[in-house]
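These are the residues of each chain, in order.
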Amino acid sequence: MTLQEFIIQHEVGIRLSFFFGVFALMALWEIAAPCRVLTVSKTLRWRNNIGLVVLNSIILRLLFPAAAVGMAVFAQQQNWGIFNYVQSPLPVAIIASVIALDFIIYLQHVMVHAVPALWRLHRVHHADPDYDVTTGARFHPIEIILSMLIKFAVIVVLGPPVVAVVIFEVLLNAMAMFNHGNVRLPTTLDKILRSLLVTPDMHRVHHSVEDDEANSNFGFNLSLWDRLFGTYQDQPRHGHQGMRIGIHKYHDPKQVSTLPAMLALPFRGKISGYVINRRQWDKKHEE
Ligand SMILES: [Zn+2]
Ligand SMILES: [Zn+2]
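Residues numbered from 1 in each chain as written. Chains lettered and ligands numbered in written order. Predicted model: local features only at pLDDT ≥ 70, side-chain atom pairs only at ≥ 80, totals over all residues. Heavy atoms only, no water.

**Q** Help me understand the overall build of the protein in this model?
**A** Tallying secondary structure elements over the protein gives 16 helices and zero strands in all. Taking 2.2 N^0.38 as the reference for a compact globule, 287 residues should give roughly 19 Å; the C-alpha atoms of the protein span a radius of gyration of 19 Å, in line with that estimate. Once the C-alpha set of the protein is aligned to its principal axes, its extents read approximately 55 × 45 × 40 Å. Burial status across the protein gives 48% buried among its 287 residues. For the protein, the exposed surface amounts to about 14,400 Å²; the carbon and sulfur share of it is 69%. (Helix = DSSP H or I, 4+ residues; strand = E, 2+ residues; numbered from the N terminus. Rg over C-alpha atoms; globule rule 2.2 N^0.38 Å. Buried < 20%, exposed > 50% of the residue type's maximum accessible area, 1.4 Å probe, protein only. Areas by Shrake-Rupley, 256 points an atom, 1.4 Å probe, with all protein chains shown as cover.)

**Q** Would you mind going over the coordination of the zinc ion (ligand 1) with me for this structure?
**A** Geometrically, a metal with four donors at the corners of a regular tetrahedron has ideal angles of 109.5 degrees, and one with six donors at the corners of a regular octahedron has ideal angles of 90 or 180 degrees. For the zinc ion (ligand 1), the protein coordination sphere consists of His109 (NE2), His113 (NE2), His122 (NE2), His126 (NE2) and His206 (NE2), at 2.1 to 2.2 Å. Within one chain, the residues donating to the zinc ion (ligand 1) are spaced in sequence as H-x3-H-x8-H-x3-H-x79-H. If you look at the zinc ion (ligand 1) and the zinc ion (ligand 2), they sit 5.4 Å from each other. With a gap of 97 residues between them, His109 in helix α6 (residues 90–114) and His206 in helix α11 (residues 200–206) connect regions that are remote in the sequence. For the pair formed by His109 and His206, the shared burial category is buried. (Donors = N, O, S within 2.8 Å, 3.2 Å for Na, K, Ca; no water.)

**Q** How should I be thinking about the layout of surface pockets in this particular structure?
**A** One way to see where empty space is left: roll a probe the size of a water molecule over the atoms. Of the voids in this model, the largest pocket is the one considered here, and its volume is about 1,300 Å³. If you go around the largest pocket, you meet 40 residues; those closest to its centre are Arg15, Ser57, Leu60, Ile144 and Asn173. Residue assignment for the lining of the largest pocket shows that the elements contributing at least two residues are α2 (11–32), α3 (42–63), α6, α8 (141–158) and α9 (162–179). Element by element, the count of residues in the lining of the largest pocket is highest for α2, at eight residues. Tallied by class, residues from the lining of the largest pocket come to 25 nonpolar, nine polar and six charged. (1 Å grid on protein atoms, 1.4 Å probe; cavity = no way out; pocket = protein on both sides within 12 Å on 5 of 7 lines; lining within 4 Å. Points joined across faces, edges and corners; volume = space filled by probe spheres on them. Nonpolar A, V, L, I, M, F, W, Y, C, P; charged D, E, K, R; others polar.)

**Q** Would you explain the side chain of Thr231 in this entry?
**A** Along the chain, Thr231 turns up in the loop between α13 (224–228) and α14 (239–242). The class for Thr231 is buried, based on a relative accessible area of 15%. At a separation of 2.5 Å, a polar atom in the side chain of Thr231 contacts the side chain of Asp226. Dropping the residues within four chain positions of it, Thr231 is found in contact with Tyr106, Ser216, Asn217, Phe218, Trp225 and Asp226. (Polar contact = N/O pair within 3.5 Å; in protein donor to acceptor, adjacent residues only side chain to side chain. Contact = heavy atoms within 4.5 Å.)

**Q** When you look at the nonpolar core in this model, what are you seeing that I'm missing?
**A** The nonpolar side chains of soluble globular proteins are, as a tendency, buried together. One finds Met148, Ile155, Val165 and Phe168 to be the most contacted residues of the largest nonpolar core, which totals 29 residues. Those elements giving two or more residues to this core turn out to be α4 (67–78), α6, α8 and α9. No other element matches α9, which puts eight residues into this core. When residues no more than four places from it in sequence are discounted, the contact partners of Val165 are Ala68, Val69, Ala72, Ile155 and Pro160. Core analysis: the next-biggest nonpolar cluster, separate from the first, contains 12 residues, Met26, Trp46, Val133 and Met175 among them. (Core = buried A, V, L, I, M, F, W, Y, C linked by side-chain atoms within 4.5 Å.)

**Q** I tried to follow the environment of Pro141 on my own but got confused; where do I start?
**A** Relative to the helices and strands, Pro141 is located in helix α8. Owing to a relative accessible area of 8%, Pro141 belongs among the buried residues under this scheme. Not counting the four nearest positions on each side in its chain, Pro141 is found in contact with Leu52, Leu55, Asn56, Ile59 and Leu263.

**Q** What should I look at first to understand the confidence of the model for the protein in this one?
**A** Caution applies to low-pLDDT parts of the model: their predicted coordinates are not meant to be read in detail. Confidence in the prediction for the protein averages 90 pLDDT; 94% of positions are at 70 or higher. Confidence, read as mean pLDDT per element, is least for helix α1 (residues 3–9) in the protein (77) and greatest for α13 (97). (pLDDT = per-residue confidence, 0-100.)

**Q** I'm lost on the packing of α4 against α8 in this one. Help?
**A** Between two packed helices, the angle of one axis relative to the other and the distance separating the axes together describe the packing. Taken N-terminus to C-terminus, the directions of α4 and α8 make an angle of 20°; their axes are 9 Å apart at the nearest point. The orientation of α4 with respect to α8, classified from their angle, is roughly parallel. Classified by chirality, the crossing of α8 by α4 is right-handed. Only Met148, Lys151, Phe152, Ile155 and Val156 of α8 make contact with α4, whose side of the interface consists of Ala67, Ala68, Met71, Ala72 and Ala75. Of the residues contributing to the contact of α4 with α8, the split by class is nine nonpolar, no polar and one charged. (Axes fitted to C-alpha atoms, helices over the stretch in contact; angles between N-to-C directions. Parallel < 35°, antiparallel > 145°, perpendicular 65-115°, else oblique. Left-handed = near helix turned anticlockwise from the far one by under 90°.)

**Q** For this particular structure, what's the right way to read the coordination of the zinc ion (ligand 2)?
**A** Every protein donor of the zinc ion (ligand 2) is accounted for by His125 (NE2), His180 (NE2), His203 (NE2) and His207 (NE2), and the metal-donor separations fall at 2.1 Å. Within one chain, the residues serving as donors to the zinc ion (ligand 2) are arranged as H-x54-H-x22-H-x3-H.

**Q** Sorry, what's going on with the environment of Ala32 here?
**A** Here Ala32 shows up in helix α2. Distance in space between the C-alpha atoms of Ala32 and Val183 is 9.3 Å, their sequence separation being 151 residues.

Encoded structure:
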């Protein structure tokens, strides 16, 4: 059996082992050396954030039992997509597919910040008043479904090797838990790692209540996209201890920290002056 066959056959086991392994490592690291003091009790946060993860997993399994890997197998059988059409060495196809999928995730993340109705869904992720390993998986079910449909479309066009999809799913999941960690790497290590990957300090800037900081550092795996497309911000203005995490106006734990409140959050309030709706010219920002 080749490595590829092994990975495809043991896909669920591999994904679950990485999930629980990285989760346990990050959870222990956060207990041993937390970067910031949590504002809401860990028990309340974890019960509800993990509750949402379980709910999302059930919904995904029911709607798309074969998931992204199933779609990649289907695309391969139909000979759909660039890599099923153009013959290229497997390692090249795997690396190119993983990078391409990561780029799409970056673009999708920019899109859910820019489009007002999609921001309503995505603000469930940002309304977490704290930042820890469970924040990394805290997304509204509708955003999860939308992500999966976008992934399906990309797989059909790209035709990635099935193993590349498994690798990407495992990497994205592991990196999301790592870069949402309430932890801090030594400054030099953070700098070195950041030249290639997204670190906890880099993504934490994205969870600031300040609009300009929240609209930066959209990447999940490679730090390249933010640098390349002009959305990179090195550090939060008020430092990692002084910055406020979450969303302006939504800070009451009853509004943002319980599972029913998270599910209802996209439907609360008016579409206000957020980003693309804020069309008045502000003299202050003139350069
Ligand atoms: Zn975001
Ligand atoms: Zn995040």
